[in-house]
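Tertiary structure, described
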Amino acid sequence: MTQIQKILFKYQDKKYGDFSAKLVPTLPRKTFIGVRSPVYKNIISEIKTLPPGELENFFKDLPHKYHEENCLHIALINKIKDYDECLRALKNFLPYINSWAVSDGLNPPALKKNRQKLLPDLQAWMRDTAPFTKRVGMLLLMKYFLDDDFKPEYLDLPASIRSTEYYVNMMTAWLFSEALVKQWDTAITFIQDKKLDTWTHNKAIQKASESFRVSAEHKEYLKTLRIY
């Protein structure tokens, strides 16, 4: 057992491990240690006291054995302040992301501050065949590109995605539901013109209709656009 694994097991909560495994049914129960999210801050503090080689080996030793190692890996990437270093670390880890619970924890300030520089990589990830690489591309597009510097063409690529993967389609629906919240005038045209596959189209409408940030008038209109 590595030193970092020992630290993770120090914070083990087996009942929480049972709960976490139910939320991520695509992974076997034995890959869950059971570590609650708030204690990762303590874990990262402890890791800082280890010899530098331990962390270096952790980043290189892929794939990880435990789900919580993957969660920790994302948390550590989020803390990298240098853009090039952060992007390099993420690219190295992308092929090993194997659940929504890991991918969705990604939100590095270093990448957000340089989002226009990042955009070509996001577009490449959305074209990738790996489902969670696609998901990361759309996730960061949703987090970083739906506000002041939004451009309508940003939605063209995710709208064109056709997948049999649940976690890809759910991410597409989530992205478009957020676009309906933040960029209604553009996003609604994708729904009106039926540019998404049927399941994703209806799921985007459902998620937007459940949001308190969408007006009652817009919700009523969205209901008329469902595909039956």
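The rules behind the values
For every chain, the first residue of the written sequence is number 1, and numbering continues from 1 onward in sequence order. Only residues with pLDDT of at least 70 get local features here, since the model is predicted, and only at 80 or more are side-chain atom pairs given and counted; chain-wide, interface and lining totals rely on the full set of residues. As a convention, hydrogens and water are excluded, and side-chain values are obtained from all of the structure's heavy atoms. In this description a helix means any DSSP run of H or I spanning at least four residues, a strand means any run of E spanning at least two, and both kinds are numbered starting from the N terminus. Radius of gyration: C-alpha atoms only; globule rule: 2.2 Å multiplied by the number of residues to the exponent 0.38. Whether two residues touch is decided by their heavy atoms; if any such pair falls within 4.5 Å, the residues are in contact. Accessibility throughout is a Shrake-Rupley quantity obtained with a 1.4 Å probe, and a residue counts as covered only by protein chains that appear here. Between the N-to-C directions of two axes lies an angle of 0 to 180 degrees, each axis being a line fitted to C-alpha atoms and, for a helix, fitted only over the stretch in contact. By the definition adopted for this analysis, an angle is roughly parallel if under 35 degrees, roughly antiparallel if over 145, roughly perpendicular if from 65 to 115, and oblique otherwise. Left-handed describes a crossing whose near helix is turned anticlockwise from the far helix through less than a right angle; right-handed describes the clockwise counterpart. Under the scheme applied here, ten amino acids are nonpolar (Ala, Val, Leu, Ile, Met, Phe, Trp, Tyr, Cys and Pro), four are charged (Asp, Glu, Lys and Arg), and all others, including Gly, are polar. Note on exposure labels: buried denotes an accessible area under 20% of the residue type's maximum, exposed denotes more than 50%, and partly exposed covers the range between, all computed with a 1.4 Å probe on protein chains only. Grid points spaced at 1 Å and placed over the protein atoms alone form the basis of the search, with a cavity being a set where a 1.4 Å probe fits but cannot get out and a pocket an open set showing protein on both sides within 12 Å along at least five of seven lines. Lining residues have an atom within 4 Å of a point. Grid points are joined across faces, edges and corners, and a volume is the space filled by probe spheres set on the points. Any Lys or Arg side-chain nitrogen located within 4 Å of an Asp or Glu carboxyl oxygen qualifies as a salt bridge.

Describing the overall build of the chain
Along the backbone of the chain there are 15 helices and zero strands. For the chain, whose C-alpha radius of gyration is 19 Å, the value lies close to the compact-globule estimate of 17 Å for 228 residues. Principal-axis analysis of the C-alpha atoms gives the chain an extent of 55 × 40 × 30 Å. Pairs at least 24 residues apart make up 69% of the contacts formed inside the chain by residues separated by at least 6 positions. Surface summary for the chain: the accessible area is close to 11900 Å², and the carbon and sulfur share equals 51%.

Considerations on unusual backbone geometry
Between L62 and the following residue, P63, the backbone shows a cis peptide bond with an omega angle of 0 degrees. In this structure, K194 takes a positive phi of about 55 degrees despite not being glycine. By secondary structure assignment, the location of K194 is in the loop between helix 13 (184-192) and helix 14 (198-209).

Looking at the packing of helix 13 against helix 15 (residues 216-223)
Here helix 13 crosses helix 15 at 15 degrees, and the two axes come no closer than 11 Å. Accordingly, the angle class assigned to the pair helix 13 and helix 15 is roughly parallel. Classified by chirality, the crossing of helix 15 by helix 13 is right-handed. When helix 13 is examined against helix 15, the residues W184, I188 and Q192 are found in contact with a partner set consisting of H218, Y221 and L222. Partitioning the contact of helix 13 with helix 15 into residue classes produces four nonpolar, two polar and no charged.

A look at the environment of G34
As for its position among the elements, G34 is in the loop between helix 2 (14-23) and helix 3 (40-47). On the accessibility criterion, G34 (0% relative accessible area) is buried. C-alpha separation for the pair G34 and Y11, spaced 23 residues apart in sequence, amounts to 7.8 Å.

Examining the layout of surface pockets
Its volume calculated, the largest pocket comes out at about 480 Å³. Around the largest pocket sit 21 residues that line it, and L55, F59, L76, I80 and E85 are the ones nearest its centre. Listed by contribution, the elements that provide at least two residues to the lining of the largest pocket are helix 3, helix 4 (52-60), helix 5 (67-78) and helix 6 (83-93). Space inside the second largest pocket adds up to approximately 350 Å³. Around the second largest pocket, the lining is made up of 18 residues, and of these Y16, S37, H67, C71 and A101 lie nearest the centre. Among the secondary structure elements, those contributing two or more residues to the lining of the second largest pocket are helix 2, helix 5 and helix 7 (100-103). Broken down by element, the residue count for the lining of the second largest pocket peaks at six residues, all from helix 5.

Focus on the environment of A216
Along the chain, A216 turns up in helix 15. In sequence terms A216 and N57 are 159 residues apart; their C-alpha atoms lie 52 Å from each other.

Digging into the pattern of salt bridges
According to the stated counting rule, one finds eleven salt bridges in the structure shown. Between E178 and R213 there is a salt bridge, and its shortest N-O distance comes to 2.4 Å. In this pair, E178 sits in helix 12 (residues 166-182) while R213 sits in the loop between helix 14 and helix 15, placing the two residues 35 residues apart along the sequence. A salt bridge links E220 to K223; its shortest N-O distance comes to 3.3 Å.

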